[in-house]
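# Close look at the chain arrangement
Spelled out from the first residue to the last, the chains are:
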Amino acid sequence: MDTLDRFSINNIRKEYLDFFRSKGHLTENSFSLIPKNDKSLLLIGAGMAPLKKYFTGAETPPCKRMATVQKCVRTGDIDNVGLTARHLTFFEMLGNFSFGDYFKKEAIQWAWELLTDVLKIDKDRLWVTVYLDDDEAEKIWHEVVGIPKERIVRLGKADNFWELEVGPSGPCSEIYYDTGADRGCGCSDCKPGCDCNRYIEIWNLVFTQFDKDEQGVYHPLPNPNIDTGMGLERVAAVLQDKPTVFDVEPLFSVVKKVSELSGVPYGSNDKKDISMKIICDHSRAATFMIGDGIIPSNEGRGYVLRRLLRRAARHGRLLGIKDIFLHELCDKVIENSKGAYPELGEKKDYIKKVIKLEEERFRETIDSGMDILKSYI
Ligand code: GLY
């Protein structure tokens, strides 16, 4: 197998699940993007979200160790999409979970084993962060794994404490990959936590110890748990030595298609590249969302979908694309992902139709707005 095949998204997904199966985990395919019996979330944005009931003890898990690859949509960082090397609104998250079974030591050791022994990432390029007062995690990283103290950074709540609005939460430890000084900001104190593109966070190990309620009070959980999340597209970019997640297949085929439809070469102009990346990300998000039964509307999940599609359509105009085009990108998204997500292949025509109708409707709204404006002028 050549390097690109070995480190393709499809193969990393498989290697991850195989590895955690070998460590006694029950592996599951992705749950839907629509949360089930959970009104606190609009969309699934983390591997742990569909498993919350097992962390809180509300339900007994089928196995105390589980591992999944989860489709995720997160729009909190939407303004960074296309601008940075790593932000996406749609991504796949690889996660291993312990429900009152193993804790910090195993989670840290296995993460290291997978990254360095199985995926063969250069140890010297890996850095880690730990929560301010988490001496235990630092000790494991240093004494058990052998990371030098200079490559262990302590960060505060904004970076190293993981939580949703409500539910399981706790301090975390993140693993970063150093892509090299030439991709960084050049500051002398550039290290994990810096906003530039040099250090890419690839894996977050959460030591889930609390259940946060609606008032923001943290209640200790009866058993400490483990919840980890690794960005599949990010780790693929690292393994394939690509500068951004958009240079990794299957995202790159979508970017290439946008370039072909607009006649704008990728890499020729920064602003245009950003538009291409935004279109790539949003069309992927929309394809998966519609595949899970969400339709554009003016509220809730449907509104998120509408905003993503309209934002992508606007960037298409900025690139000079005259006709509706977003439905054409679905073919690329689906072609590459339907092996892992068969629902995309089964619903292909439907997904394309929904996207086409929404883009047509948006175009009519814009055109009639322009006519009104012109008549005033
Ligand atoms: N739940 C861990 C993460 O999303 O990073």
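Residues numbered from 1 in each chain as written. Predicted model: local features only at pLDDT ≥ 70, side-chain atom pairs only at ≥ 80, totals over all residues. Heavy atoms only, no water.

## Some remarks on the packing of aromatic side chains
The final tally for this structure, using the stated rule, is 18 aromatic pairs. Ring geometry for phenylalanine 90 versus phenylalanine 288: centroids 4.2 Å apart, planes at 20 degrees, classification stacked. One end of the pair, phenylalanine 90, is in strand β3 (residues 90-98); the other, phenylalanine 288, is in helix α9 (residues 270-291), and 198 residues separate them in sequence. Of the residues examined, phenylalanine 90 reaches a relative accessible area of 0% and is grouped as buried. A relative accessible area of 1% means that phenylalanine 288 is categorised as buried. With centroids separated by 5.5 Å and ring planes inclined at 80 degrees, the aromatic side chains of phenylalanine 161 and tyrosine 218 adopt a geometry described as edge-to-face. Taken together, the residues span a long stretch of sequence, with phenylalanine 161 in strand β6 (residues 161-162) and tyrosine 218 in strand β9 (residues 218-231) at a distance of 57 residues. Here phenylalanine 161 falls in the buried class, since its relative accessible area comes to 11%. Its guanidinium or amino end placed over the ring of phenylalanine 161, lysine 157 lies 5.0 Å from that ring's centre, counting from NZ or CZ. (Phe/Tyr/Trp six-rings, centres within 6.5 Å; stacked < 30°, edge-to-face > 60°. Helix = DSSP H or I, 4+ residues; strand = E, 2+ residues; numbered from the N terminus. Buried < 20%, exposed > 50% of the residue type's maximum accessible area, 1.4 Å probe, protein only. Lys NZ or Arg CZ within 6 Å of the ring centre and 35° of its normal.)

## With respect to the environment of methionine 48
Counting through the fold element by element, methionine 48 comes out in the loop between β1 (26-28) and α3 (52-56). What methionine 48 contacts, discounting residues up to four positions off in sequence, is Phe55, Phe97, Trp162, Leu164, Pro168 and Asp227. (Contact = heavy atoms within 4.5 Å.)

## Focus on the site of the ligand
Close to the ligand lie Ala46, Met48, Arg74, Met93, Trp162, Asn204, Val206 and Asp227, which account for all nearby residues. The contact in question runs from a nitrogen atom of the ligand to an N or O atom on the side chain of aspartate 227, over 2.8 Å. Here the residues of the shell around the ligand sort into 5 nonpolar, 1 polar and 2 charged. (Near = heavy atom within 4 Å. Polar contact = N/O pair within 3.5 Å; in protein donor to acceptor, adjacent residues only side chain to side chain. Nonpolar A, V, L, I, M, F, W, Y, C, P; charged D, E, K, R; others polar.)

## Digging into the pairing of β9
Pairing geometry for β3 and β9, over 4 bridges, is antiparallel. For serine 98, the partnering residue across the bridge sits in β9 and is isoleucine 226. Of the pairings in the sheet, the one linking strand β8 (residues 199-212) to β9 comprises 9 bridges and is antiparallel in character. Each residue of the ladder has a partner; that of lysine 212, found in β9, is tyrosine 218. Between β8 and the antiparallel strand that follows it, β9, lie 5 residues; glycine 216 among them carries a positive phi value of about 85 degrees. (Pairing = 2+ DSSP bridges.)

## Brief notes about helix α11 (residues 326-337)
The end-to-end C-alpha distance of α11, which contains 12 residues, comes to 17 Å, matching closely the 16 Å that a straight helix rising 1.5 Å per residue would cover. Turning to α11, its buried residues number three or more, namely Leu326, His327, Leu329, Cys330, Val333, Ile334 and Ser337. Each buried residue of α11 lies within a common arc of 140 degrees when the element is viewed along its axis, so the set occupies one face. (Expected span 1.5 Å × (residues − 1). Arc of directions from axis to C-beta.)

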